[in-house]
There are 2 protein chains.
Amino acid sequence: MERGLFALPWVPVNIGGSDLLAKAWFGDTQYRVLLSDLNTVWEEEMTTDDIQSRAQDLNKRLRAPTPAFFSHLCSVAQPCFSSEDDDQISTAHVTLEQHGDNLTVKLKSELAGLPFYWEFRCTTTPVGVVCRHLVRPLLAVSRVLQRQVEDLAALLARKDAEIQDYQENGAVLSRARLQTEPFEVHRYRENFFTQIIPQMGVTLDSLGFDSDLQALYMTVSSGKTGQKRKHSPDSSPAAEDNHVSEHHLHITDVPTDVGSSLASQEQNDVKASSGRPQVADRKQAVPLPSAAGSEERSTSRPKKKKAVGLFR
Amino acid sequence: MERGLFALPWVPVNIGGSDLLAKAWFGDTQYRVLLSDLNTVWEEEMTTDDIQSRAQDLNKRLRAPTPAFFSHLCSVAQPCFSSEDDDQISTAHVTLEQHGDNLTVKLKSELAGLPFYWEFRCTTTPVGVVCRHLVRPLLAVSRVLQRQVEDLAALLARKDAEIQDYQENGAVLSRARLQTEPFEVHRYRENFFTQIIPQMGVTLDSLGFDSDLQALYMTVSSGKTGQKRKHSPDSSPAAEDNHVSEHHLHITDVPTDVGSSLASQEQNDVKASSGRPQVADRKQAVPLPSAAGSEERSTSRPKKKKAVGLFR
């Protein structure tokens, strides 16, 4: 389970109206979910037996074995823990409850024409989990980005050498506005610290974890940075394919916002922290053949009604 | 205390032979220490009364009030928790003991000719502390570095436009080797992910937290990025001056290793994780007038001997 979770990035989500970072792995009738508001980190890990037992508690009439309803649980739960970029929409009614150290994500969906309830009952993770899934990868990401900055600064020095050679041989610009200042790393860094960073409005509260950062996070977390295209064998296709394919896109088809202005940067931050549509108010019908009624109506159906064999 | 600690970066240290990241704030007869091996994070926070009580327990003959010995404690303890770049050397014998969730740093130094013992008894921090002092700042640092990468890529595009103008007006290079390829962000990013990162040997175990990263960490942590030169009023001059002045240097006098090769990057990593000289084996005499004897001899001195009024 830990391995499956390592292959996934953190993504900004909005669960029941709250902005959080999420990392969720759904396997073969088991799952592990991590959530964070950057003040704390919660998690829940559930095996097949745990899931069966809770499903029974929450859905008294449910008599199906775990595999029979787990795919439905995945289909309504995964969108809640996925990036908005995935365009996944949960058909479940989602609420979030925090009591002390516990954070519970409650889902109400419809399965075979009857309401299906689920709760992700997350508790505060041990510090070791925070270190493995946030501190260490973020430190590695920072080092990788530092290296990228060094690389680009070295490239700029080479551009300046080329420009200087043209100029020393008498070349002049046809459009003066194209002239650039020679890049000086000291001056650039000082300006960046004193002018750019303050304007960026970097806040420690921001849940900004955009797709580029997700791609870097996954690259350093995978531990086999040259073999990103391999799927880890123990993760479910449902969970793994979504994320890995998403990030292959980011790695090879890099966003072209490189020259982005301060404005677009801020836009990204805003989008990351609050732009995700809330799913709490949506009550779409489950696209199952028998799911014609509303949730309210289905609860008043006769108990003997049997739809696809999950309930009795 | 929290505020004083926020103004400090994490620094790689070697304590009693173990590589750790440290963040230690020493105030006016109080301190707070954070240590991490990136698997967990430990901390100890001590007030004047706590310090007085422990000093009494560990040094039975000590009768001085806390302020009288606290400056000595700072002088021997601070170098243990400071970056190797500070060139601070502790005169104490330092050992590290881990028992379960507890990490104890034991110091044995010499004060007024008698042995002076101290123990930093650190316990696992709550997740909230890890979030405040590691997760949130590292996420902010990553975003700042992403922005820097975007900035530099935009500058490269401007250089290319200037070069293209020269070329279109017939300029030729006098030295062909100065010619650069036009910068293409997609190709660069793909190459960086597939070629450079794997060669960097980024490991999640690395405690690499170099001075540039420290400067960025402090900038985002300060929350007032435009006013870095102000000292926070509640931190001790001893602790604050060392670090702030160190980082002013980094901000204005940026290291010139911008074009650093893979080799020097690796050198940095090695240096950060294991290059700090171990202080455990050093037993220099404390530079006090009466500190002439060795530790062994001083323990056998007659109990009545009184040196500078700290012991009776």
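Relevant structure appears above.
Residue indices begin from 1 for each chain and proceed along its sequence in written order. Lettering for chains starts from A, numbering for ligands starts from 1, and both go in the order in which the items are written. Where totals are concerned, whole chains, interfaces and linings use all residues; where local detail is concerned, this predicted model gives features only for residues with pLDDT of at least 70, and gives and counts side-chain atom pairs only at 80 or more. Note that the side-chain values use all heavy atoms of the structure and ignore hydrogens as well as water.

(A) Spatial organisation of the environment of L134 of chain B. Looking at the secondary structure, you find L134 of chain B in helix α4 (residues 127-168). As for L134 of chain B and P9 of chain B, which are separated by 125 residues in sequence, their C-alpha atoms are 9.9 Å apart. By definition, residues are in contact when any of their heavy atoms lie within 4.5 Å. When sequence neighbours within four positions are dropped, the list of residues in contact with L134 of chain B reads V135 of chain A together with W10, V41 and V129 of chain B. Labels follow the DSSP assignment, with helices taken as runs of H or I lasting at least four residues and strands as runs of E lasting at least two, numbered in each case from the N terminus.

(B) Structural view of the pairing of strand β1 (residues 11-15) of chain B. Residues and elements named next belong to chain B. Note on classification: 1.4 Å probe, protein chains only; a residue is buried when its accessible area is under 20% of the maximum for its type, exposed when over 50%, partly exposed between these limits. For β1, a buried count of five out of five residues is recorded, marking the element as mostly surrounded by other parts of the structure. Side-chain alternation along β1 places V11, V13 and I15 on one buried face and P12 and N14 on a second face that is also buried. Between any two strands, pairing holds if DSSP finds at least two bridges. Taken together, the five bridges between β1 and strand β2 (residues 18-26) define a ladder with antiparallel strand orientation. Bridging from a neighbouring strand, V13 pairs with L20 of β2. Taken together, β1 and the strand that follows it, β2, pair antiparallel across an intervening segment of two residues, in which G16 is found at a positive phi of about 55 degrees.

(C) Quick look at the relation of the copies chain A and chain B. In screw terms, the move from chain A to chain B is a rotation of 180 degrees and a rise of 0.0 Å along the axis, fitting with an RMSD of 0.1 Å. Such a combination of turn and shift is consistent with a two-fold rotation axis. Only residues with pLDDT of at least 70 in both copies count here: their C-alpha atoms drive the least-squares fit that superposes the copies.

(D) Molecular detail of the side chain of S82 of chain A. Topologically, S82 of chain A is positioned in the loop between α3 (66-77) and β5 (93-99). Of the polar contacts made by the side chain of S82 of chain A, one reaches the backbone oxygen of Q78 of chain A; its length is 2.7 Å. Residues adjacent in sequence count toward polar contacts only when both atoms are side-chain atoms; beyond that, a polar contact is any pair of N or O atoms within 3.5 Å, and within protein one must be able to donate a hydrogen and the other to accept it.

(E) Focus on helix α2 (residues 48-58) of chain B. All names here are of chain B. Among the residues of α2, those classed as buried are I51, R54, A55 and L58. For α2, the angular spread of buried residues about the axis comes to 105 degrees, placing them on one side. Those residues of α2 that are buried lie in contact with β3 (31-36), β4 (41-46), α3 (66-77) and β7 (114-124). In this context, the arc is that of the directions from the helix axis out to the C-beta atoms.

(F) Structural detail: unusual backbone geometry. We note that L38 of chain A has phi near 70 degrees; this positive angle belongs to a residue other than glycine. If you trace the backbone, L38 of chain A turns up in the loop between β3 (31-36) and β4 (41-46). Although it is not a glycine, A112 of chain B adopts a positive phi angle of roughly 55 degrees. Among the secondary structure elements, A112 of chain B is positioned in the loop between β6 (102-111) and β7. A relative accessible area of 2% places A112 of chain B in the buried class.

(G) Examining the sheet that holds β4 of chain A more closely. Residue and element names in this part refer to chain A. The strand order across the open sheet built from seven strands is β1-β2-β3-β4-β7-β6-β5, with neighbouring strands paired in antiparallel fashion. The open sheet is flanked by β1 (11-15) and β5, the only strands paired with a single partner. Within this sheet the neighbouring strands show an average axis-to-axis angle of 30 degrees, counted without direction. Across the sheet, helix α2 (residues 48-58) is in contact with β3, β4 and β7 (114-124); its angle to β7 comes to roughly 125 degrees. Axes, fitted as lines to C-alpha atoms, cover a helix only where it is in contact. Angles between the N-to-C directions of the axes lie from 0 to 180 degrees.

(H) Region of the structure containing the packing of aromatic side chains. Within 6.5 Å between ring centres, the rings of Phe, Tyr and Trp (the latter by its six-membered ring) count as paired, and their orientation is classed by plane angle as stacked under 30 degrees, edge-to-face over 60, tilted in between. Taken as a whole and judged by the stated rule, the model has 23 aromatic pairs over all chains. With 6.4 Å between their ring centres and 80 degrees between their planes, Y31 of chain B and W118 of chain B make a pair best called edge-to-face. Within this pair, whereas Y31 of chain B is found in strand β3, its partner W118 of chain B is found in strand β7, the two being separated by 87 residues in sequence. Note on Y31 of chain B: relative accessible area 0%, which makes it buried. Overall, W118 of chain B belongs to the buried group, its relative accessible area being 1%. A network of ring pairs unites the aromatic residues F26, Y31, F70, F81, W118 and F120 of chain A as a single cluster.

(I) Fine view of the interface of chain A and chain B. Taken together, the 100 residues of chain A in the interface contact 101 residues of chain B. By buried area we mean the combined loss of accessible area, with a 1.4 Å probe, across both parts when two parts are placed together. Across the interface of chain A and chain B, roughly 9300 Å² is buried in total on both sides, 64% from carbon and sulfur atoms. For this analysis, a salt bridge means a side-chain nitrogen from Lys or Arg found within 4 Å of a carboxyl oxygen belonging to Asp or Glu. Put simply, chain A and chain B have five salt bridges between them. Here K159 of chain A and D160 of chain B are joined by a salt bridge, their closest N and O atoms 2.6 Å apart. Summed over the shared surface of chain A and chain B, the result is 17 residue pairs in polar contact (both at pLDDT 80 or more).

(J) Up close: the packing of helix α5 (residues 185-200) of chain A against α4 of chain B. Between α5 of chain A and α4 of chain B, the shortest axis-to-axis distance is 11 Å and the interhelical angle comes to 120 degrees. Crossing geometry of α5 of chain A relative to α4 of chain B is assigned as right-handed. Contact with α5 of chain A, carried on its side by Y188, R189, F192, I196, I197 and M200 of chain A, involves R143, V144, R147, Q148, D151 and L152 of chain B of α4 of chain B and no other residues of that element. By definition, turning the near helix anticlockwise from the far helix through less than a right angle yields a left-handed crossing, and turning it clockwise yields a right-handed one.

(K) Up close: the sheet that holds β6 of chain B. Residue and element names in this part refer to chain B. Read across the open sheet, the seven strands follow the order β1-β2-β3-β4-β7-β6-β5; overall the sheet is antiparallel. Each edge of the sheet is formed by a strand with only one pairing partner; in this case those strands are β1 and β5 (93-99). Each neighbouring strand pair of the sheet contributes to a mean axis angle of 30 degrees, computed without reference to strand direction. Running at roughly 115 degrees to β6, α3 makes contact with β2, β3, β6 and β7 of the sheet.

(L) Highlighting the packing of α5 of chain A against helix α6 (residues 211-222) of chain B. At a minimum axis separation of 12 Å, α5 of chain A and α6 of chain B run at an interaxial angle of 15 degrees. With respect to α6 of chain B, the axis of α5 of chain A lies roughly parallel. The hand of the α5 of chain A/α6 of chain B crossing is right-handed. The segment α5 of chain A lies against α6 of chain B, with R189, F193 and I197 of chain A engaging D212, A215, L216 and T219 of chain B. Polar here means any residue other than Ala, Val, Leu, Ile, Met, Phe, Trp, Tyr, Cys and Pro, which are nonpolar, and Asp, Glu, Lys and Arg, which are charged; Gly is therefore polar. Counted by class, the contact of α5 of chain A with α6 of chain B contains four nonpolar, one polar and two charged residues. For classification purposes, angles smaller than 35 degrees are called roughly parallel, those larger than 145 roughly antiparallel, those between 65 and 115 roughly perpendicular, and all remaining angles oblique.

(M) Structural detail: α6 of chain B. An expected span of 1.5 Å times one less than the residue number is assigned to each helix. Relative to the 16 Å expected for twelve residues at 1.5 Å per residue, α6 of chain B spans 16 Å between its end C-alpha atoms, a close match to the ideal helical length. Buried residues dominate α6 of chain B, accounting for eleven of its twelve residues.

(N) Looking closely at the pattern of salt bridges. Residues and elements named next belong to chain A. Tallied over the entire structure, the rule returns 22 salt bridges over all chains. Between E119 and K106 there is a salt bridge, and its shortest N-O distance comes to 4.0 Å. Linking E119 in strand β7 with K106 in strand β6 (residues 102-111), this pair joins segments that are 13 residues apart in sequence. A residue is classified by how much of its surface remains accessible, and E119, at 16% relative accessible area, is buried. Between E181 and R187 there is a salt bridge, with its nearest N and O atoms 4.0 Å apart.

(O) Region of interest: the side chain of S109 of chain A. Of note, S109 of chain A is situated in strand β6. For S109 of chain A, the residues in contact, after removing those within four places along its chain, are H72, V76, A92, L114, P115 and F116 of chain A.

(P) Structural view of the pairing of β7 of chain B. All names here are of chain B. Examined bridge by bridge, β4 and β7 share two bridges and lie antiparallel to one another. Paired with W42 across the strands is T124, a residue of β7. Here β6 runs beside β7; their pairing, made up of ten bridges, is antiparallel. Note on β7: the bridge partner recorded for L111 is L114. The hairpin formed by β6 and β7 contains two residues between the paired strands, and A112 there has a positive phi angle of roughly 55 degrees.

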